[in-house]
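Understanding the architecture of this molecule
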2 protein chains.
Amino acid sequence: MRLLYVEDNERLAQNTSASLKSNGFTVDCVHTGEDALHAAQSFDYDAIILDLGLPDVEGISVLKSVKEAKPDVPFIICTARDALEDRIAGLDAGSDDYVVKPFHVSELIARVRAVLRRPGGALGVMLVAGNITLNTAERTVMVGDEPARLSRRELDLLDLFMRRKGRILSKDVIENALYGFDEPPTPNAIEVATHRLRKKLQDLNATAAIHTLRGIGYFLEDHDT
Amino acid sequence: MRLLYVEDNERLAQNTSASLKSNGFTVDCVHTGEDALHAAQSFDYDAIILDLGLPDVEGISVLKSVKEAKPDVPFIICTARDALEDRIAGLDAGSDDYVVKPFHVSELIARVRAVLRRPGGALGVMLVAGNITLNTAERTVMVGDEPARLSRRELDLLDLFMRRKGRILSKDVIENALYGFDEPPTPNAIEVATHRLRKKLQDLNATAAIHTLRGIGYFLEDHDT
DNA sequence: GCGAACCTTACATTTGCCTTACAGGGTCCG
DNA sequence: CGGACCCTGTAAGGCAAATGTAAGGTTCGC
(Lines give C-alpha, C1' and ligand atoms only; values in the text may rest on other atoms or scores of the structure.)
Protein backbone atom coordinates (compact mmCIF):
# COMPACT_ATOMS: atom_id res chain seq x y z
CA MET A 1 0.00 0.00 0.00
CA ARG A 2 1.82 3.08 -1.19
CA LEU A 3 0.64 6.55 -0.25
CA LEU A 4 1.63 10.01 -1.33
CA TYR A 5 1.53 12.51 1.48
CA VAL A 6 1.59 16.19 0.54
CA GLU A 7 2.24 18.46 3.50
CA ASP A 8 4.29 21.63 3.69
CA ASN A 9 4.84 21.68 7.42
CA GLU A 10 7.95 19.55 7.68
CA ARG A 11 7.65 18.58 11.30
CA LEU A 12 4.06 17.52 10.99
CA ALA A 13 4.95 15.67 7.81
CA GLN A 14 7.74 13.82 9.57
CA ASN A 15 5.57 12.66 12.44
CA THR A 16 2.56 11.70 10.44
CA SER A 17 4.42 9.84 7.76
CA ALA A 18 6.30 7.91 10.44
CA SER A 19 3.02 6.83 11.95
CA LEU A 20 1.65 5.84 8.59
CA LYS A 21 4.75 3.81 7.89
CA SER A 22 4.53 2.00 11.18
CA ASN A 23 1.00 1.07 10.19
CA GLY A 24 2.16 -0.85 7.22
CA PHE A 25 1.96 1.80 4.56
CA THR A 26 4.74 2.82 2.25
CA VAL A 27 4.80 6.59 2.27
CA ASP A 28 6.30 9.15 -0.05
CA CYS A 29 6.33 12.55 1.52
CA VAL A 30 6.58 15.78 -0.48
CA HIS A 31 6.31 19.39 0.62
CA THR A 32 5.28 21.35 -2.45
CA GLY A 33 2.51 21.15 -5.00
CA GLU A 34 5.00 20.81 -7.79
CA ASP A 35 6.67 17.82 -6.18
CA ALA A 36 3.27 16.35 -5.59
CA LEU A 37 2.30 16.58 -9.24
CA HIS A 38 5.61 15.13 -10.21
CA ALA A 39 5.37 12.21 -7.80
CA ALA A 40 1.77 11.49 -8.68
CA GLN A 41 2.74 11.23 -12.32
CA SER A 42 5.65 8.96 -11.63
CA PHE A 43 3.96 6.28 -9.54
CA ASP A 44 0.62 4.67 -9.04
CA TYR A 45 -0.35 5.50 -5.50
CA ASP A 46 -3.11 3.70 -3.70
CA ALA A 47 -4.20 6.99 -2.16
CA ILE A 48 -3.03 10.58 -1.90
CA ILE A 49 -3.22 12.65 1.26
CA LEU A 50 -3.27 16.33 0.43
CA ASP A 51 -2.85 19.27 2.74
CA LEU A 52 -4.64 22.39 1.58
CA GLY A 53 -2.68 25.58 1.96
CA LEU A 54 0.50 24.64 0.18
CA PRO A 55 2.92 27.42 -0.59
CA ASP A 56 3.37 27.29 -4.34
CA VAL A 57 0.38 25.78 -6.11
CA GLU A 58 -3.14 26.04 -4.88
CA GLY A 59 -3.99 22.71 -3.27
CA ILE A 60 -7.20 22.12 -5.11
CA SER A 61 -5.49 22.60 -8.44
CA VAL A 62 -3.12 19.79 -7.57
CA LEU A 63 -6.08 17.60 -6.94
CA LYS A 64 -7.69 18.56 -10.23
CA SER A 65 -4.58 18.01 -12.28
CA VAL A 66 -3.95 14.59 -10.82
CA LYS A 67 -7.57 13.54 -11.10
CA GLU A 68 -7.51 14.45 -14.75
CA ALA A 69 -4.71 12.05 -15.46
CA LYS A 70 -5.73 9.40 -12.92
CA PRO A 71 -9.39 9.65 -12.04
CA ASP A 72 -9.40 6.61 -9.81
CA VAL A 73 -6.80 7.63 -7.25
CA PRO A 74 -8.58 8.34 -3.99
CA PHE A 75 -7.79 11.63 -2.30
CA ILE A 76 -7.99 12.60 1.33
CA ILE A 77 -7.83 16.30 2.05
CA CYS A 78 -6.53 17.85 5.26
CA THR A 79 -7.90 21.27 5.98
CA ALA A 80 -8.28 23.75 8.80
CA ARG A 81 -11.48 23.78 10.78
CA ASP A 82 -12.74 27.10 9.52
CA ALA A 83 -12.15 26.51 5.84
CA LEU A 84 -15.58 25.16 5.19
CA GLU A 85 -15.84 26.37 1.62
CA ASP A 86 -12.56 24.72 0.84
CA ARG A 87 -13.97 21.46 2.00
CA ILE A 88 -16.97 21.73 -0.21
CA ALA A 89 -14.75 22.71 -3.09
CA GLY A 90 -12.54 19.75 -2.34
CA LEU A 91 -15.39 17.32 -2.45
CA ASP A 92 -16.69 18.92 -5.60
CA ALA A 93 -13.32 18.59 -7.20
CA GLY A 94 -13.26 14.87 -6.51
CA SER A 95 -11.78 14.40 -3.09
CA ASP A 96 -13.05 11.25 -1.46
CA ASP A 97 -12.82 12.33 2.12
CA TYR A 98 -11.29 14.94 4.33
CA VAL A 99 -9.99 15.32 7.84
CA VAL A 100 -10.12 18.52 9.82
CA LYS A 101 -6.89 19.88 11.24
CA PRO A 102 -5.75 19.34 13.83
CA PHE A 103 -6.39 15.64 13.49
CA HIS A 104 -5.23 12.51 15.20
CA VAL A 105 -3.02 10.25 13.19
CA SER A 106 -5.25 7.35 14.05
CA GLU A 107 -8.14 9.20 12.52
CA LEU A 108 -6.23 9.79 9.34
CA ILE A 109 -5.30 6.15 9.21
CA ALA A 110 -8.91 5.16 9.70
CA ARG A 111 -9.96 7.39 6.83
CA VAL A 112 -7.29 6.08 4.54
CA ARG A 113 -8.35 2.54 5.29
CA ALA A 114 -11.99 3.48 4.78
CA VAL A 115 -11.26 5.01 1.40
CA LEU A 116 -9.22 2.01 0.35
CA ARG A 117 -12.03 -0.28 1.40
CA ARG A 118 -14.51 1.27 -0.95
CA PRO A 119 -15.63 -0.56 -4.05
CA GLY A 120 -12.74 -0.54 -6.45
CA GLY A 121 -10.40 0.34 -3.61
CA ALA A 122 -7.39 -1.65 -2.64
CA LEU A 123 -8.55 -3.05 0.70
CA GLY A 124 -11.38 -5.35 1.63
CA VAL A 125 -10.75 -7.67 -1.26
CA MET A 126 -10.11 -11.37 -0.94
CA LEU A 127 -7.24 -12.43 -3.13
CA VAL A 128 -6.97 -16.05 -4.19
CA ALA A 129 -4.30 -18.01 -6.02
CA GLY A 130 -4.31 -21.78 -5.87
CA ASN A 131 -4.79 -22.66 -2.23
CA ILE A 132 -3.47 -19.31 -1.06
CA THR A 133 -5.94 -16.73 0.17
CA LEU A 134 -5.02 -13.25 1.27
CA ASN A 135 -7.46 -11.19 3.28
CA THR A 136 -6.42 -7.67 2.39
CA ALA A 137 -8.54 -6.08 5.10
CA GLU A 138 -7.08 -8.05 7.98
CA ARG A 139 -3.77 -8.68 6.27
CA THR A 140 -3.83 -12.37 6.95
CA VAL A 141 -2.84 -15.22 4.68
CA MET A 142 -4.04 -18.80 4.60
CA VAL A 143 -2.44 -21.63 2.66
CA GLY A 144 -4.95 -24.45 2.48
CA ASP A 145 -6.34 -24.17 5.96
CA GLU A 146 -3.09 -23.30 7.66
CA PRO A 147 -2.47 -19.67 8.54
CA ALA A 148 0.80 -18.40 7.11
CA ARG A 149 3.04 -16.36 9.33
CA LEU A 150 4.48 -13.78 7.01
CA SER A 151 6.48 -10.72 7.89
CA ARG A 152 5.47 -7.31 6.66
CA ARG A 153 7.62 -7.34 3.56
CA GLU A 154 6.66 -10.84 2.66
CA LEU A 155 3.02 -9.97 2.96
CA ASP A 156 3.37 -6.82 0.89
CA LEU A 157 5.19 -8.76 -1.75
CA LEU A 158 2.62 -11.53 -1.84
CA ASP A 159 -0.13 -8.93 -1.95
CA LEU A 160 1.50 -7.39 -4.99
CA PHE A 161 1.92 -10.71 -6.76
CA MET A 162 -1.63 -11.77 -6.08
CA ARG A 163 -3.10 -8.51 -7.30
CA ARG A 164 -1.20 -8.98 -10.54
CA LYS A 165 -1.66 -12.72 -10.67
CA GLY A 166 -0.31 -14.20 -13.87
CA ARG A 167 1.21 -10.95 -14.97
CA ILE A 168 4.92 -10.32 -15.11
CA LEU A 169 6.46 -7.94 -12.61
CA SER A 170 9.87 -6.48 -13.24
CA LYS A 171 12.15 -5.74 -10.34
CA ASP A 172 11.60 -2.07 -10.91
CA VAL A 173 7.88 -2.44 -10.56
CA ILE A 174 8.34 -4.41 -7.38
CA GLU A 175 10.79 -1.91 -6.02
CA ASN A 176 8.39 0.95 -6.67
CA ALA A 177 5.54 -0.87 -5.05
CA LEU A 178 7.36 -1.85 -1.88
CA TYR A 179 9.84 0.90 -1.19
CA GLY A 180 9.35 4.64 -0.83
CA PHE A 181 11.77 6.71 -2.83
CA ASP A 182 13.72 7.72 0.23
CA GLU A 183 14.66 4.12 0.94
CA PRO A 184 16.10 2.60 -2.23
CA PRO A 185 17.37 -0.95 -1.74
CA THR A 186 19.98 -2.84 -3.71
CA PRO A 187 18.49 -5.01 -6.46
CA ASN A 188 19.45 -8.01 -4.40
CA ALA A 189 17.05 -7.06 -1.64
CA ILE A 190 14.14 -8.05 -3.83
CA GLU A 191 15.73 -11.33 -4.75
CA VAL A 192 16.18 -12.12 -1.10
CA ALA A 193 12.66 -11.04 -0.26
CA THR A 194 11.12 -13.25 -2.93
CA HIS A 195 13.33 -16.08 -1.84
CA ARG A 196 12.04 -15.84 1.70
CA LEU A 197 8.47 -15.64 0.55
CA ARG A 198 8.89 -18.60 -1.76
CA LYS A 199 10.36 -20.66 1.00
CA LYS A 200 7.49 -20.04 3.36
CA LEU A 201 4.92 -20.78 0.69
CA GLN A 202 6.73 -23.97 -0.27
CA ASP A 203 6.95 -25.10 3.35
CA LEU A 204 3.19 -24.74 3.57
CA ASN A 205 2.64 -26.71 0.36
CA ALA A 206 1.14 -23.85 -1.54
CA THR A 207 -0.23 -24.85 -4.93
CA ALA A 208 0.70 -21.56 -6.54
CA ALA A 209 4.32 -20.55 -6.92
CA ILE A 210 6.35 -17.56 -7.99
CA HIS A 211 8.30 -18.16 -11.16
CA THR A 212 11.32 -16.36 -12.52
CA LEU A 213 11.79 -15.01 -16.02
CA ARG A 214 15.44 -14.39 -16.42
CA GLY A 215 16.19 -10.82 -17.28
CA ILE A 216 12.55 -9.86 -17.23
CA GLY A 217 10.98 -10.37 -13.87
CA TYR A 218 8.75 -12.62 -11.81
CA PHE A 219 5.18 -13.78 -11.95
CA LEU A 220 2.77 -15.73 -9.80
CA GLU A 221 1.41 -18.75 -11.62
CA ASP A 222 -2.29 -18.79 -12.20
CA HIS A 223 -4.04 -22.01 -13.06
CA ASP A 224 -7.45 -20.92 -11.88
CA THR A 225 -9.29 -17.97 -13.41
CA MET B 1 -16.15 0.87 26.74
CA ARG B 2 -15.80 4.08 24.83
CA LEU B 3 -18.48 6.75 24.96
CA LEU B 4 -19.06 9.96 23.09
CA TYR B 5 -20.54 12.66 25.26
CA VAL B 6 -22.08 15.67 23.52
CA GLU B 7 -22.79 18.54 25.87
CA ASP B 8 -22.43 22.26 25.29
CA ASN B 9 -22.31 23.34 28.90
CA GLU B 10 -18.60 22.99 29.57
CA ARG B 11 -18.75 22.78 33.32
CA LEU B 12 -21.42 20.15 33.34
CA ALA B 13 -19.54 18.30 30.64
CA GLN B 14 -16.38 18.35 32.71
CA ASN B 15 -18.03 16.97 35.82
CA THR B 16 -20.11 14.36 34.15
CA SER B 17 -17.37 13.03 31.94
CA ALA B 18 -15.08 12.82 34.94
CA SER B 19 -17.64 10.71 36.71
CA LEU B 20 -18.11 8.49 33.72
CA LYS B 21 -14.39 8.03 33.45
CA SER B 22 -14.04 7.09 37.08
CA ASN B 23 -16.72 4.50 36.48
CA GLY B 24 -14.60 2.70 33.99
CA PHE B 25 -15.68 4.32 30.76
CA THR B 26 -13.44 5.94 28.22
CA VAL B 27 -15.07 9.22 27.33
CA ASP B 28 -14.65 11.63 24.45
CA CYS B 29 -16.32 14.91 25.22
CA VAL B 30 -17.36 17.39 22.55
CA HIS B 31 -19.34 20.60 22.79
CA THR B 32 -20.81 21.18 19.35
CA GLY B 33 -22.92 19.23 16.94
CA GLU B 34 -20.30 19.47 14.27
CA ASP B 35 -17.63 18.01 16.51
CA ALA B 36 -20.04 15.29 17.47
CA LEU B 37 -20.65 14.27 13.88
CA HIS B 38 -16.99 14.39 13.23
CA ALA B 39 -16.10 12.23 16.21
CA ALA B 40 -18.89 9.75 15.57
CA GLN B 41 -17.61 9.26 12.06
CA SER B 42 -14.07 8.76 13.18
CA PHE B 43 -14.51 6.14 15.87
CA ASP B 44 -16.77 3.32 16.82
CA TYR B 45 -18.37 4.29 20.08
CA ASP B 46 -20.20 1.85 22.26
CA ALA B 47 -22.79 4.51 23.03
CA ILE B 48 -23.38 8.21 22.46
CA ILE B 49 -24.79 10.56 25.08
CA LEU B 50 -26.41 13.55 23.44
CA ASP B 51 -27.58 16.76 25.03
CA LEU B 52 -30.44 18.40 23.21
CA GLY B 53 -30.20 22.13 22.81
CA LEU B 54 -26.79 22.39 21.23
CA PRO B 55 -25.82 25.76 19.84
CA ASP B 56 -25.00 25.07 16.21
CA VAL B 57 -26.79 22.06 14.86
CA GLU B 58 -30.12 20.89 16.06
CA GLY B 59 -29.52 17.96 18.39
CA ILE B 60 -31.94 15.58 16.78
CA SER B 61 -30.34 16.09 13.40
CA VAL B 62 -27.05 14.93 14.86
CA LEU B 63 -28.76 11.79 15.99
CA LYS B 64 -30.30 11.21 12.61
CA SER B 65 -27.09 11.73 10.70
CA VAL B 66 -25.15 9.37 12.88
CA LYS B 67 -27.85 6.73 12.89
CA GLU B 68 -27.87 6.80 9.14
CA ALA B 69 -24.23 5.85 8.96
CA LYS B 70 -24.16 3.62 12.03
CA PRO B 71 -27.63 2.34 12.88
CA ASP B 72 -26.47 0.18 15.76
CA VAL B 73 -24.89 2.79 17.98
CA PRO B 74 -27.11 3.29 21.00
CA PHE B 75 -28.04 6.87 21.90
CA ILE B 76 -29.00 8.35 25.22
CA ILE B 77 -30.59 11.76 25.08
CA CYS B 78 -30.40 14.34 27.85
CA THR B 79 -33.20 16.84 27.83
CA ALA B 80 -34.96 19.35 30.05
CA ARG B 81 -38.03 18.26 31.95
CA ASP B 82 -40.44 20.41 30.02
CA ALA B 83 -39.26 19.42 26.57
CA LEU B 84 -41.57 16.48 26.35
CA GLU B 85 -42.12 16.69 22.64
CA ASP B 86 -38.40 16.61 22.10
CA ARG B 87 -38.26 13.37 23.97
CA ILE B 88 -40.85 11.82 21.82
CA ALA B 89 -39.12 13.10 18.74
CA GLY B 90 -35.86 11.70 20.03
CA LEU B 91 -37.25 8.26 20.53
CA ASP B 92 -38.90 8.39 17.15
CA ALA B 93 -35.62 9.29 15.59
CA GLY B 94 -33.95 6.24 17.08
CA SER B 95 -32.76 7.21 20.50
CA ASP B 96 -32.57 4.25 22.82
CA ASP B 97 -33.18 6.03 26.09
CA TYR B 98 -33.22 9.46 27.65
CA VAL B 99 -32.58 11.12 30.98
CA VAL B 100 -34.30 14.24 32.23
CA LYS B 101 -32.20 17.22 33.24
CA PRO B 102 -31.15 17.84 35.89
CA PHE B 103 -30.05 14.29 36.44
CA HIS B 104 -27.77 12.46 38.79
CA VAL B 105 -24.66 11.09 37.24
CA SER B 106 -25.46 7.75 38.78
CA GLU B 107 -28.70 7.71 36.88
CA LEU B 108 -26.94 8.44 33.63
CA ILE B 109 -24.45 5.67 34.30
CA ALA B 110 -27.24 3.27 35.05
CA ARG B 111 -28.95 4.13 31.80
CA VAL B 112 -25.75 3.73 29.84
CA ARG B 113 -25.18 0.34 31.38
CA ALA B 114 -28.77 -0.62 30.71
CA VAL B 115 -28.51 0.34 27.07
CA LEU B 116 -25.26 -1.53 26.69
CA ARG B 117 -26.83 -4.58 28.25
CA ARG B 118 -29.50 -4.87 25.62
CA PRO B 119 -29.36 -7.60 23.03
CA GLY B 120 -26.60 -6.74 20.63
CA GLY B 121 -25.18 -4.28 23.14
CA ALA B 122 -21.70 -4.40 24.50
CA LEU B 123 -22.47 -5.42 28.07
CA GLY B 124 -24.17 -8.44 29.50
CA VAL B 125 -22.25 -10.84 27.35
CA MET B 126 -20.14 -13.66 28.66
CA LEU B 127 -16.84 -13.80 26.87
CA VAL B 128 -14.88 -17.03 26.84
CA ALA B 129 -11.41 -17.92 25.65
CA GLY B 130 -9.80 -21.11 26.83
CA ASN B 131 -10.34 -21.23 30.58
CA ILE B 132 -10.78 -17.47 30.80
CA THR B 133 -14.27 -16.12 31.26
CA LEU B 134 -15.11 -12.44 31.36
CA ASN B 135 -18.45 -11.32 32.70
CA THR B 136 -18.93 -8.03 30.90
CA ALA B 137 -21.86 -7.03 33.06
CA GLU B 138 -20.05 -7.38 36.35
CA ARG B 139 -16.65 -6.74 34.86
CA THR B 140 -15.16 -9.76 36.55
CA VAL B 141 -12.77 -12.32 35.18
CA MET B 142 -12.28 -15.95 36.10
CA VAL B 143 -9.37 -18.10 35.05
CA GLY B 144 -10.33 -21.69 35.61
CA ASP B 145 -12.15 -21.27 38.89
CA GLU B 146 -9.87 -18.65 40.30
CA PRO B 147 -11.01 -15.04 40.16
CA ALA B 148 -8.50 -12.77 38.47
CA ARG B 149 -7.70 -9.45 40.04
CA LEU B 150 -7.28 -7.14 37.09
CA SER B 151 -6.97 -3.38 37.06
CA ARG B 152 -9.22 -1.25 34.91
CA ARG B 153 -6.81 -1.04 32.00
CA GLU B 154 -6.02 -4.70 32.12
CA LEU B 155 -9.68 -5.55 32.12
CA ASP B 156 -10.46 -3.21 29.25
CA LEU B 157 -7.61 -4.67 27.29
CA LEU B 158 -8.68 -8.23 27.94
CA ASP B 159 -12.24 -7.29 27.08
CA LEU B 160 -11.06 -5.95 23.76
CA PHE B 161 -8.98 -9.00 23.00
CA MET B 162 -11.78 -11.38 23.89
CA ARG B 163 -14.34 -9.56 21.80
CA ARG B 164 -12.01 -9.83 18.85
CA LYS B 165 -10.74 -13.26 19.72
CA GLY B 166 -8.44 -14.65 17.07
CA ARG B 167 -8.33 -11.45 15.11
CA ILE B 168 -5.28 -9.26 14.84
CA LEU B 169 -5.34 -5.94 16.65
CA SER B 170 -2.84 -3.29 15.72
CA LYS B 171 -1.59 -0.94 18.37
CA ASP B 172 -3.65 1.81 16.84
CA VAL B 173 -6.83 -0.14 17.15
CA ILE B 174 -6.00 -0.84 20.76
CA GLU B 175 -5.15 2.77 21.39
CA ASN B 176 -8.44 3.93 19.94
CA ALA B 177 -10.38 1.45 21.96
CA LEU B 178 -8.75 2.22 25.29
CA TYR B 179 -7.83 5.88 25.23
CA GLY B 180 -9.94 8.96 24.62
CA PHE B 181 -8.49 11.39 22.13
CA ASP B 182 -7.49 13.86 24.81
CA GLU B 183 -5.19 11.35 26.44
CA PRO B 184 -2.86 9.93 23.81
CA PRO B 185 -0.29 7.58 25.28
CA THR B 186 3.14 6.68 23.98
CA PRO B 187 3.14 3.45 21.97
CA ASN B 188 5.03 1.91 24.81
CA ALA B 189 2.07 2.30 27.15
CA ILE B 190 0.26 -0.41 25.26
CA GLU B 191 3.26 -2.69 25.34
CA VAL B 192 3.46 -2.28 29.07
CA ALA B 193 -0.25 -2.80 29.50
CA THR B 194 -0.23 -6.04 27.52
CA HIS B 195 2.81 -7.15 29.39
CA ARG B 196 1.05 -6.69 32.71
CA LEU B 197 -2.05 -8.45 31.50
CA ARG B 198 -0.03 -11.32 30.10
CA LYS B 199 1.81 -11.74 33.35
CA LYS B 200 -1.35 -11.99 35.39
CA LEU B 201 -2.91 -14.45 32.98
CA GLN B 202 0.19 -16.54 32.97
CA ASP B 203 0.42 -16.56 36.76
CA LEU B 204 -3.11 -17.93 36.84
CA ASN B 205 -2.27 -20.64 34.29
CA ALA B 206 -4.63 -19.32 31.65
CA THR B 207 -4.96 -21.61 28.64
CA ALA B 208 -5.35 -18.77 26.18
CA ALA B 209 -2.53 -16.35 25.59
CA ILE B 210 -1.88 -13.11 23.76
CA HIS B 211 0.56 -13.48 20.93
CA THR B 212 2.66 -10.86 19.20
CA LEU B 213 3.04 -10.29 15.49
CA ARG B 214 6.04 -8.10 15.03
CA GLY B 215 5.29 -4.91 13.19
CA ILE B 216 1.63 -5.85 12.86
CA GLY B 217 -0.10 -6.24 16.18
CA TYR B 218 -1.36 -8.67 18.77
CA PHE B 219 -4.00 -11.36 18.90
CA LEU B 220 -5.61 -13.61 21.46
CA GLU B 221 -5.22 -17.24 20.53
CA ASP B 222 -8.41 -19.06 19.87
CA HIS B 223 -8.48 -22.82 19.87
CA ASP B 224 -12.15 -23.13 20.67
CA THR B 225 -14.64 -21.34 18.40
C1' DG C 1 31.94 -22.76 -21.52
C1' DC C 2 31.40 -18.00 -20.51
C1' DG C 3 29.00 -14.33 -18.52
C1' DA C 4 25.03 -12.38 -16.65
C1' DA C 5 21.26 -12.94 -13.86
C1' DC C 6 19.52 -15.10 -10.17
C1' DC C 7 19.61 -18.11 -5.94
C1' DT C 8 21.25 -19.03 -1.52
C1' DT C 9 23.55 -18.55 2.67
C1' DA C 10 25.71 -15.95 6.14
C1' DC C 11 26.28 -11.71 8.36
C1' DA C 12 25.25 -7.01 10.10
C1' DT C 13 22.13 -3.59 11.02
C1' DT C 14 17.91 -1.97 12.15
C1' DT C 15 13.66 -2.12 14.26
C1' DG C 16 10.14 -3.31 17.35
C1' DC C 17 8.94 -5.40 21.41
C1' DC C 18 9.87 -6.92 26.13
C1' DT C 19 11.22 -5.89 30.50
C1' DT C 20 12.42 -3.44 34.50
C1' DA C 21 12.65 0.57 37.20
C1' DC C 22 10.81 4.84 38.42
C1' DA C 23 7.59 8.74 39.24
C1' DG C 24 3.12 11.10 39.49
C1' DG C 25 -1.43 10.74 40.86
C1' DG C 26 -5.19 8.65 43.01
C1' DT C 27 -7.34 6.20 46.97
C1' DC C 28 -7.95 4.24 51.23
C1' DC C 29 -7.09 4.16 55.52
C1' DG C 30 -5.45 5.74 60.30
C1' DC D 1 -3.86 15.57 57.15
C1' DG D 2 -0.40 12.24 56.12
C1' DG D 3 1.32 7.91 54.84
C1' DA D 4 1.02 3.43 52.49
C1' DC D 5 -0.55 1.52 49.01
C1' DC D 6 -2.05 0.66 43.91
C1' DC D 7 -2.51 1.98 39.21
C1' DT D 8 -0.51 3.55 35.16
C1' DG D 9 2.28 6.02 32.03
C1' DT D 10 7.25 7.18 30.84
C1' DA D 11 11.96 6.17 30.11
C1' DA D 12 15.88 3.23 29.15
C1' DG D 13 18.33 -0.95 28.12
C1' DG D 14 18.44 -5.39 26.16
C1' DC D 15 17.16 -8.88 23.08
C1' DA D 16 15.45 -11.14 19.07
C1' DA D 17 13.06 -11.01 14.71
C1' DA D 18 13.10 -8.78 10.41
C1' DT D 19 15.43 -7.14 6.61
C1' DG D 20 19.00 -5.28 3.87
C1' DT D 21 23.95 -6.23 2.33
C1' DA D 22 27.60 -8.88 0.72
C1' DA D 23 29.76 -12.88 -1.19
C1' DG D 24 29.89 -17.12 -3.37
C1' DG D 25 27.39 -20.81 -5.89
C1' DT D 26 24.20 -22.07 -9.50
C1' DT D 27 21.66 -21.89 -13.66
C1' DC D 28 20.38 -20.29 -18.03
C1' DG D 29 21.08 -18.41 -22.51
C1' DC D 30 24.08 -17.54 -25.87
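These numbers come from a predicted model, not from an experiment.

In the neighbourhood of DNA strand D, 22 residues make up the surrounding shell, with A:Ser151, A:Arg153, A:Arg196, B:Ser151 and B:Arg153 lying closest. Contact distances for DNA strand D include 3.2 Å between a phosphate oxygen and a side-chain N or O atom of A:Tyr179. Within the side chain of B:Arg196, one N or O atom sits 2.6 Å away from a base oxygen of DNA strand D. Counting only elements with at least two residues in the surface near DNA strand D, the list comes to helix H6 (152-163) and helix H8 (187-203) of chain A together with helix H6 (152-163) and helix H8 (187-203) of chain B.

Residue and element names in this part refer to chain A. Looking at the assigned domains, one finds that chain A contains domain 1 (2-117) and domain 2 (126-220). If you average the C-alpha positions of domain 1 and of domain 2, the two centres end up 28 Å apart. Contacts between domain 1 and domain 2 engage ten residues on the former and ten residues on the latter. Around 820 Å² of area is buried between domain 1 and domain 2 when both sides are counted, 45% of it from carbon and sulfur atoms. Linking domain 1 to domain 2 there are zero salt bridges. On the surface where domain 1 and domain 2 come into contact, there are five residue pairs in polar contact (both at pLDDT 80 or more). In the side of domain 1 that touches domain 2, the residues fall into five nonpolar, two polar and three charged.

Another aspect to go through is the interface of chain A and chain B. Facing the 15 residues of chain A at the interface are 14 residues of chain B. The interface formed by chain A and chain B includes zero salt bridges. If you look at where chain A meets chain B, you find four residue pairs in polar contact (both at pLDDT 80 or more). Looking at which element gives the most residues to the side of chain A that touches chain B, the answer is helix H5 (residues 105-117) of chain A, with five residues. Here the side of chain A that touches chain B is built from residues that sort into four nonpolar, five polar and six charged.

We now examine the layout of surface pockets. Residues and elements named next belong to chain A. The calculated volume of the second largest pocket comes to roughly 910 Å³. For the second largest pocket, the lining is made up of 31 residues, of which Asp44, Tyr45, Asp46, Ala122 and Arg164 are closest to its centre. Secondary-structure elements contributing two or more residues to the lining of the second largest pocket are H5, H6 and helix H7 (171-178). Looking at the lining of the second largest pocket residue by residue, the classes come out as 13 nonpolar, five polar and 13 charged. Shared between two domains, the lining of the second largest pocket takes at least three residues from each, and those domains are domain 1 (2-117) and domain 2 (126-220).

Moving on, we get to the protein's contact with DNA strand C. Near DNA strand C there are 22 residues, and of these A:Arg198, A:Thr212, B:Lys171, B:Arg198 and B:Thr212 occur at the shortest range. Per the 4 Å cut-off to the protein, sugar and phosphate atoms form 50% of the nearby atoms of DNA strand C. Contact between DNA strand C and A:Gly215: a phosphate oxygen at 3.0 Å from a main-chain N or O atom of the residue. Of all the secondary structure elements, the ones that give two or more residues to the surface near DNA strand C are H8 of chain A together with H8 of chain B. Considering only residue class, the surface near DNA strand C consists of four nonpolar, eight polar and ten charged.

It is worth spelling out the pairing of strand E11 (residues 217-220) of chain B at this point. Residues and elements named next belong to chain B. Bridge count between strand E10 (residues 210-213) and E11: four bridges; the pairing is antiparallel. Pairing of threonine 212 across the sheet is with tyrosine 218, part of E11. Counting the residues between successive antiparallel strands, the hairpin from E10 to E11 contains three residues, one of them, glycine 215, with a positive phi of roughly 75°.

About the criteria used
Residues numbered from 1 in each chain as written. Chains lettered and ligands numbered in written order. Predicted model: local features only at pLDDT ≥ 70, side-chain atom pairs only at ≥ 80, totals over all residues. Heavy atoms only, no water. Near = heavy atom within 4 Å. Polar contact = N/O pair within 3.5 Å; in protein donor to acceptor, adjacent residues only side chain to side chain. Helix = DSSP H or I, 4+ residues; strand = E, 2+ residues; numbered from the N terminus. Domains from an automatic or database assignment. Contact = heavy atoms within 4.5 Å. Buried area = accessible area lost by both parts, 1.4 Å probe. Salt bridge = Lys/Arg side-chain N within 4 Å of Asp/Glu carboxyl O. Nonpolar A, V, L, I, M, F, W, Y, C, P; charged D, E, K, R; others polar. 1 Å grid on protein atoms, 1.4 Å probe; cavity = no way out; pocket = protein on both sides within 12 Å on 5 of 7 lines; lining within 4 Å. Points joined across faces, edges and corners; volume = space filled by probe spheres on them. Pairing = 2+ DSSP bridges.

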